[in-house]
Amino acid sequence: QVQLVESGGGLVQAGGSLRLSCAVSGSIFSINGMGWYRQAPGKQRELVARITSGSITNYADSVKGRFTISRDNANNTVYLQMNSLKPEDTAVYYCFVRAVLRPGVTYEYLYWGQGTQVTVSS
């Protein structure tokens, strides 16, 4: 069974930093993309950042220049370094992975982590 385990959330003051980790385990042939969505109360889910197998990254406009996503292919782990945090970054952050389970099978599965709470105080 494919599992995503998230860690690194917590409470931080505005201007501070947090580093989220998402470790993927299970029988996976290849990972095509990984990243985080976030959802705050009363707000729609938002794509925060993603990274492809070729290390191409994408960021939400609201986090560009502050967040950095990276990938450790050897350990199937993705990291989100969050600097200069703002109160509006407060949300539950959900890690996701798009994976191919077997060679020669093109179907791409989408898996989700359980979420980690990030709270930024003023």
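From a predicted model like this one, the values you see are computed outputs, not experimental measurements.

Conventions and cut-offs
- Residues numbered from 1 in each chain as written.
- Predicted model: local features only at pLDDT ≥ 70, side-chain atom pairs only at ≥ 80, totals over all residues.
- Heavy atoms only, no water.
- Disulfide = S-S within 2.5 Å.
- Helix = DSSP H or I, 4+ residues; strand = E, 2+ residues; numbered from the N terminus.
- Buried < 20%, exposed > 50% of the residue type's maximum accessible area, 1.4 Å probe, protein only.
- Phe/Tyr/Trp six-rings, centres within 6.5 Å; stacked < 30°, edge-to-face > 60°.
- Lys NZ or Arg CZ within 6 Å of the ring centre and 35° of its normal.
- Core = buried A, V, L, I, M, F, W, Y, C linked by side-chain atoms within 4.5 Å.
- Contact = heavy atoms within 4.5 Å.
- Pairing = 2+ DSSP bridges.
- Axes fitted to C-alpha atoms, helices over the stretch in contact; angles between N-to-C directions.

(A) Geometry of the state of the cysteines. Inspection of every chain in the model, using the stated rule, returns one disulfide. Note that Cys22 is cross-linked by a disulfide to Cys95, the S-S spacing being 2.1 Å. Taking the sign of the S-S torsion, about -95° here, the bridge from Cys22 to Cys95 comes out left-handed. Note that Cys22 is positioned in strand S3 (residues 18–25) and Cys95 in strand S9 (residues 91–100), a separation of 73 residues in sequence. You can call Cys95 buried: its relative accessible area is 0%.

(B) View of the packing of aromatic side chains. Taken as a whole and assessed by the stated rule, the structure comprises five aromatic pairs. Taken together, a centroid distance of 5.9 Å and an interplanar angle of 55° make the contact between Phe96 and Trp112 tilted. Of this pair, Phe96 sits in strand S9 while Trp112 sits in strand S10 (residues 109–112), placing them 16 residues apart in sequence. Ring plane angle 20° and centroid distance 6.1 Å describe the contact between Tyr109 and Tyr111, whose orientation is recorded as stacked. A relative accessible area of 35% places Tyr109 in the partly exposed class. Among the aromatic side chains, those forming a connected cluster through ring pairs are Tyr37, Phe96 and Trp112. The aromatic ring of Tyr79 is capped on one face by Arg19, whose charged end is 4.1 Å from the ring centroid. For Arg45, the ring lying beneath its charged end belongs to Tyr37, and the centroid distance is 4.6 Å.

(C) Expanded view of the nonpolar core. Judged by nonpolar contacts, the single largest core of 31 residues is most densely connected at Trp36, Leu80, Met82 and Tyr93. Of all the elements, S9 adds the most residues to this core, at five residues. When near neighbours in sequence (up to four residues on either side) are disregarded, Tyr93 contacts Glu6, Leu20, Trp36, Tyr37, Arg38, Val48, Phe67, Leu80, Met82, Gly115, Thr116 and Val118.

(D) Summary view of the sheet that holds S3. The sheet built from four strands is open, its strands ordered S1-S3-S8-S7 with antiparallel pairing. Two strands lie at the open edges of the sheet, namely strand S1 (3–7) and strand S7 (67–72), each paired on one side alone. On average, each strand axis in the sheet is inclined to that of its neighbour by 15°, with strand direction left out of account. The pairing of S3 with strand S8 (residues 77–82) spans six bridges and is antiparallel. Looking across to S8, one finds that Leu20 is bridged to Leu80.

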